[in-house]
There are 6 protein chains.
Amino acid sequence: MEFSGHPRLVRNAAESESEMTELVLPNDTNTLGNLLGGRLMHFIDLVGAMAAYRHGRTHVVTASMEHIDFIAPVHVGDLLILKSRVNRAFNTSMEVGVKVWVENTIAGTHCHVGSAYLTFVAVDSQGRRVPVPALRPETEDEKRRYEDAGRRREMRQLELERKRAAKAAELAKA
Amino acid sequence: MEFSGHPRLVRNAAESESEMTELVLPNDTNTLGNLLGGRLMHFIDLVGAMAAYRHGRTHVVTASMEHIDFIAPVHVGDLLILKSRVNRAFNTSMEVGVKVWVENTIAGTHCHVGSAYLTFVAVDSQGRRVPVPALRPETEDEKRRYEDAGRRREMRQLELERKRAAKAAELAKA
Amino acid sequence: MEFSGHPRLVRNAAESESEMTELVLPNDTNTLGNLLGGRLMHFIDLVGAMAAYRHGRTHVVTASMEHIDFIAPVHVGDLLILKSRVNRAFNTSMEVGVKVWVENTIAGTHCHVGSAYLTFVAVDSQGRRVPVPALRPETEDEKRRYEDAGRRREMRQLELERKRAAKAAELAKA
Amino acid sequence: MEFSGHPRLVRNAAESESEMTELVLPNDTNTLGNLLGGRLMHFIDLVGAMAAYRHGRTHVVTASMEHIDFIAPVHVGDLLILKSRVNRAFNTSMEVGVKVWVENTIAGTHCHVGSAYLTFVAVDSQGRRVPVPALRPETEDEKRRYEDAGRRREMRQLELERKRAAKAAELAKA
Amino acid sequence: MEFSGHPRLVRNAAESESEMTELVLPNDTNTLGNLLGGRLMHFIDLVGAMAAYRHGRTHVVTASMEHIDFIAPVHVGDLLILKSRVNRAFNTSMEVGVKVWVENTIAGTHCHVGSAYLTFVAVDSQGRRVPVPALRPETEDEKRRYEDAGRRREMRQLELERKRAAKAAELAKA
Amino acid sequence: MEFSGHPRLVRNAAESESEMTELVLPNDTNTLGNLLGGRLMHFIDLVGAMAAYRHGRTHVVTASMEHIDFIAPVHVGDLLILKSRVNRAFNTSMEVGVKVWVENTIAGTHCHVGSAYLTFVAVDSQGRRVPVPALRPETEDEKRRYEDAGRRREMRQLELERKRAAKAAELAKA
């Protein structure tokens, strides 16, 4: 895929920052009154898509999500706070970091529920991949996230090749 | 209702500040792809309840909503940004201000959709009214909102009395 | 906007009358089992849109909602009864009145929850305003509502001008 | 089950009459913009439950639904009108009749979509069957419905016995 | 309607087999924590449509549902298992059988909730009826279902004619 | 946590096997008619929870999800097929594997969308961890999955320790 001649823009990380707050209603919970894990993943995907959407200014589709741990339970009546920002833009994809907290407003507690890294692909209205602006990291923190995003991408590609090789070896044996 | 002896707390307006961002999905729209007015009111009520909840630190129920104009249409694919904060606390109720913007991320536009004032009542788990902390306005802006909230409350009470008098007059005639 | 030459129809208020009954399910409630205020506003908007839709026979969008008080709580298991009718039609907009009752069928109680006035604008499939038939009030009650709707509209316009003037004065000072 | 001594009340059919109007939103439709059959059955069950609830003044659960034909398609943007009333009360169950129309408000058409007969059982908060008031038919139409409901019940019981006998015969052969 | 010349395909019943499992969430239940009857009908319609869709390989709409009994209650936290397959294809319609079980996983119980027969009509993207492949029954069980589906169809048509004749007689009297 | 004396049961993998089929409706999609990534994660979590629920026969909560790639787009009107089974049980947790396919019934295509590994924790009705039966792998395939699940668990624990050490080092520097 080549986009030479295309006026490649550059944006910074702060421009993509997005925030969602959700009041956990009975509707979102299981029979114990706990937020369903899948419902939380749904919120994470939405807030992640917002950051990618703001950076890319084009339609986006979810391509992958990294390992995620749910380290604190979330109950009906809690406030769920989700923040997202683009860590790095590649040619037609973006890595977005999402962080989630739960606030039990009555008790006055606030704690970290989990963090996620998602990759979104920019597409046009026909679903074809389109290029996105580069991201220029500015603060120390942004530079660290930028480097980490590159490392995670390399690892994902190594893993993909390892799987392909394993499959080829298996087919050769058969 | 008297709560003398109750350790009346004081909080400032910034502590109640809440923010929601919603991606408008086909699910939320009418047959023209416009956000349903009632769906927007639902988001306004939720973000308003969050601010009241954070100020009162108790259950809250919606008591009233002031006149609201929807001055810009919202379409599927837009981002809806809602911000709320408590303007003033009365004995067992709070006035919350909500402001709504729509962001068309692809076009890069951002405009004001409407503003609303809601009153929430603080209740315990049995639904009985409970007192809330007072709100201490700090900035010029907060002081103006505090005064305005008082004026709106007086007008609501005058209006209520006018209605009662009209009803009484009507009953007297009959 | 001019629609001269358009065969302006006339309809009466009864033709627009609409009725909705909703069984309040756990799905619609907060953690106390009370109907969410925003969910109720959503029902009010829907039943209001039906009346406007029946009068205008064209797509409609919500333009504004007047002050609304929620004077009685609504619980899970209650029946919610909503009735609406057009009070008056203006050029391309209509004022609709909505009245809401709650019926606790088991206890055999029935009480008034609140009343609302909404304004809907008639639009074509491109979202452009289109004219609506006039409304001819017939009963005493319909005539009173017709007059009141005119008065509320004048007040909304005065309020709008007051706000514009205040903004202009503010800008002049700055 | 015996309820002798219980002060058996009597109600008439009109008291149970219920009405729902639903605006068909994109949310309720398949990929062709047609109302999903199952969504329509869901509305039929809700409006039927309302009538049974109003007659029995106790919790109700759906026990059966008779054959139903969907004789006209329903599209996004249509108004769906559903009316229900109890036809006859048995000891702890009630037969409810539901009739559904679709109104295409823009085209000004209104047609019959289908009719359904449902049986609801009255239960207490532990799910145990409880008796319901008898229904006294008053008009000619109500008397005809009352008789028909009795006939349908007999046919359901014959059918049930026929199935049981067939199963017994099958087991005897095996 | 004639489709001579159309390359009429034949499929067997197993190809249409579909299965859904639903975890009953608070969201799907009434105030007693029981699955709503209408919600269950909605699942039945969905799994039925899947079988018709797989047989017809075209859009399908629900045309009718036979009498259905709900013989066991379903509670929040239960697993609902639904299986469907096409029993017989007619010219442009298909009869689908659906069987529903409830599994209380913690108690280790599993029981039959009900069975339903639905008729779906195959349509193109404009909503016009289109022919579907014939179904060739293979096992003894499939042959029995095939015969039963034919008998049910005849009974539906007799019933339809009886209704029409009754209506005609009524009109003649008037 | 010690459960000595507890009659530890053993189950095999096939007993936990679960299957869901979902018809992708407009309701589940973004503005391009593509299934939302978060909606897919929600289905994956539900079908995963079913397998864990069937193995553990107790309440379960989602603890983590491994990296997941979405390798094929899913569109409105497609059938989504999800299968899950427990790969290995640890003391109070279970690793579940989920595999997802999309079937475009009209085109007759069927392809793999993605695979996921989730960890669920067994809890009682108070949310306290409870032990689950061991899983005895039987086929070659089940033994491979069992070994892989152990390896993934070790890696997750190493990663956790690495993070803790990094944090400790950071705190020591500060």
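To start, this report covers the structure provided alongside it. Predicted model, so just to flag it, every value in this text is computed and none were measured.

About the cut-offs
- Residues numbered from 1 in each chain as written.
- Chains lettered and ligands numbered in written order.
- Predicted model: local features only at pLDDT ≥ 70, side-chain atom pairs only at ≥ 80, totals over all residues.
- Heavy atoms only, no water.
- Phe/Tyr/Trp six-rings, centres within 6.5 Å; stacked < 30°, edge-to-face > 60°.
- Lys NZ or Arg CZ within 6 Å of the ring centre and 35° of its normal.
- Salt bridge = Lys/Arg side-chain N within 4 Å of Asp/Glu carboxyl O.
- Helix = DSSP H or I, 4+ residues; strand = E, 2+ residues; numbered from the N terminus.
- Buried < 20%, exposed > 50% of the residue type's maximum accessible area, 1.4 Å probe, protein only.
- Contact = heavy atoms within 4.5 Å.
- Buried area = accessible area lost by both parts, 1.4 Å probe.
- Polar contact = N/O pair within 3.5 Å; in protein donor to acceptor, adjacent residues only side chain to side chain.
- Nonpolar A, V, L, I, M, F, W, Y, C, P; charged D, E, K, R; others polar.
- Pairing = 2+ DSSP bridges.
- Axes fitted to C-alpha atoms, helices over the stretch in contact; angles between N-to-C directions.
- Least-squares fit on C-alpha atoms with pLDDT ≥ 70 in both.

Taken as a whole and assessed by the stated rule, the structure comprises 0 aromatic pairs over all chains. Lying over the aromatic face of C:Trp101, C:Lys83 brings its terminal NZ or CZ to 5.7 Å of the ring centre. If you follow E:Arg152 out to its NZ or CZ, it ends over the ring of E:Tyr117, 3.5 Å from the centre.

Before going further, it helps to spend a moment on the pattern of salt bridges. Enumeration according to the criterion identifies 78 salt bridges over all chains in this entry. Salt-bridge contacts for A:Arg128 lead to A:Asp124; the nearest nitrogen and oxygen are separated by 3.0 Å. A salt bridge links E:Glu15 to E:Arg11, with the shortest nitrogen-to-oxygen separation between them at 3.7 Å.

The subject of this paragraph is the environment of F:Ile44. Residues and elements named next belong to chain F. For Ile44, the location among the structural elements is in helix H1 (residues 37–56). In this structure Ile44 comes out as buried when scored by relative accessible area, which is 1%. Remark: the alpha-carbon pair of Ile44 and Glu154, spanning 110 residues in sequence, is separated by 23 Å. In this structure, Ile44 is in contact with Met65, Ile68, Phe70, Leu82, Val98, Val100, Ala116 and Leu118, ignoring residues within four places of it in sequence.

Taking C-alpha atoms as the reference, chain A and chain D come no closer than 17 Å and do not contact one another. At the level of C-alpha atoms, the two units chain C and chain F stay apart, their nearest approach being 17 Å.

The next point concerns the interface of chain E and chain C. Opposite the 6 residues of chain E that make contact, chain C presents 6 residues. Across the chain E/chain C interface, buried area totals approximately 370 Å², and carbon plus sulfur atoms make up 67% of it. Sorting the residues of chain E by area buried against chain C places E:Asn27, E:Thr31 and E:Leu36 first, and these three jointly supply 73% of that buried surface. Applying the counting rule to chain E against chain C returns 0 salt bridges. The interface formed by chain E and chain C contains 1 residue pair in polar contact (both at pLDDT 80 or more). Per-class residue counts for the side of chain E that touches chain C are 2 nonpolar, 4 polar and no charged.

Further remarks concern the sheet that holds strand S7 (residues 109–123) of chain D. The antiparallel open sheet is built from 6 strands, whose spatial order is S2(D)-S5(D)-S6(D)-S7(D)-S3(D)-S4(E). Of all the strands in the sheet, the pair left with one neighbour each is strand S2 (18–23) of chain D together with strand S4 (68–69) of chain E. Alignment of strand S6 (residues 93–104) of chain D against S7(D), held across 12 bridges, turns out to be antiparallel. From the neighbouring strand, D:Trp101 faces S7(D), where its bridge partner is D:His112.

Below, the discussion takes up the sheet that holds strand S3 (residues 59–65) of chain F. Read from one edge of the open sheet, 6 strands run S4(A)-S3(F)-S7(F)-S6(F)-S5(F)-S2(F), paired in antiparallel fashion. The open sheet terminates on both sides in strands that have one partner only, identified here as strand S4 (68–69) of chain A together with strand S2 (18–23) of chain F. Sheet contacts for H1(F): S2, S3, strand S5 (79–89), strand S6 (93–104) and strand S7 (109–123) of chain F; angle to S5(F), the most-contacted strand, approximately 40°.

Below, the discussion takes up the interface of chain F and chain A. In this assembly, 29 residues from chain F lie in contact with 29 residues from chain A. In this assembly, chain F packs against chain A so that about 2100 Å² is buried in total across both faces, 63% of it on carbon and sulfur atoms. When the buried surface of chain F facing chain A is broken down by residue, F:Leu32, F:Met41 and F:His67 rank first, second and third, together holding 25% of it. In this structure, the connection of chain F to chain A is made through 10 residue pairs in polar contact (both at pLDDT 80 or more). Within the residue set of the side of chain F that touches chain A, elements represented by two or more residues are H1, S3, strand S4 (68–69), S7 and helix H2 (140–173) of chain F. Counting residues per element, the side of chain F that touches chain A draws most heavily on S3(F), which supplies 7 residues. When the residues that make up the side of chain F that touches chain A are grouped by side-chain class, the tally is 12 nonpolar, 11 polar and 6 charged. Relative to S3(F), S4(A) runs antiparallel, the two sharing 2 bridges. Within S3(F), the residue paired with A:Asp69 across the bridge is F:Ser64.

It is worth spelling out the side chain of E:Arg54 at this point. Among the secondary structure elements, E:Arg54 is positioned in helix H1 (residues 37–56). E:Arg54 sits in the buried class, given a relative accessible area of 11%. At a separation of 2.8 Å, a polar atom in the side chain of E:Arg54 contacts the side chain of F:Glu103. Setting aside chain neighbours within four positions, we find E:Arg54 in contact with E:Arg11, E:Glu15, E:Ser16, E:Glu17, E:Ser18, F:Thr21, F:Leu79, F:Ile81, F:Glu103 and F:Thr105.

Let us look at the relation of the copies chain F and chain A. Superposition record for chain F on chain A: RMSD 0.1 Å, screw rotation 180°, translation along axis 0.0 Å. When the rotation and shift are considered jointly, the pair of chain copies conforms to a two-fold rotation axis. Scanning chain F for the C-alpha nearest the rotation axis identifies F:His67, at a separation of 2.2 Å. Comparing interface residues between copies, 100% of those in chain F also lie at the interface in chain A; the contact surface is shared.

A separate point is the pairing of strand S3 (residues 59–65) of chain C. Residues and elements named next belong to chain C. With respect to burial, S3 is a largely interior element, 5 of its 7 residues being buried. Two strands pair when backbone bridges link them, and S3 and strand S7 (residues 109–123) are joined in this way by 6 bridges, in the antiparallel orientation. Bridging from a neighbouring strand, Val61 pairs with Val121 of S7.

Bringing the environment of B:Arg11 into the picture now. All names here are of chain B. With respect to the helices and strands, Arg11 occurs in strand S1 (residues 10–12). By relative accessible area, Arg11 is classed as buried at 12%. Counting along the chain gives 141 residues from Arg11 to Arg152, while the straight-line C-alpha distance between them is 21 Å. Polar side-chain contacts of Arg11 include one of 2.3 Å to the backbone oxygen of His55.

By themselves, these figures tell us nothing about what the structure is for.
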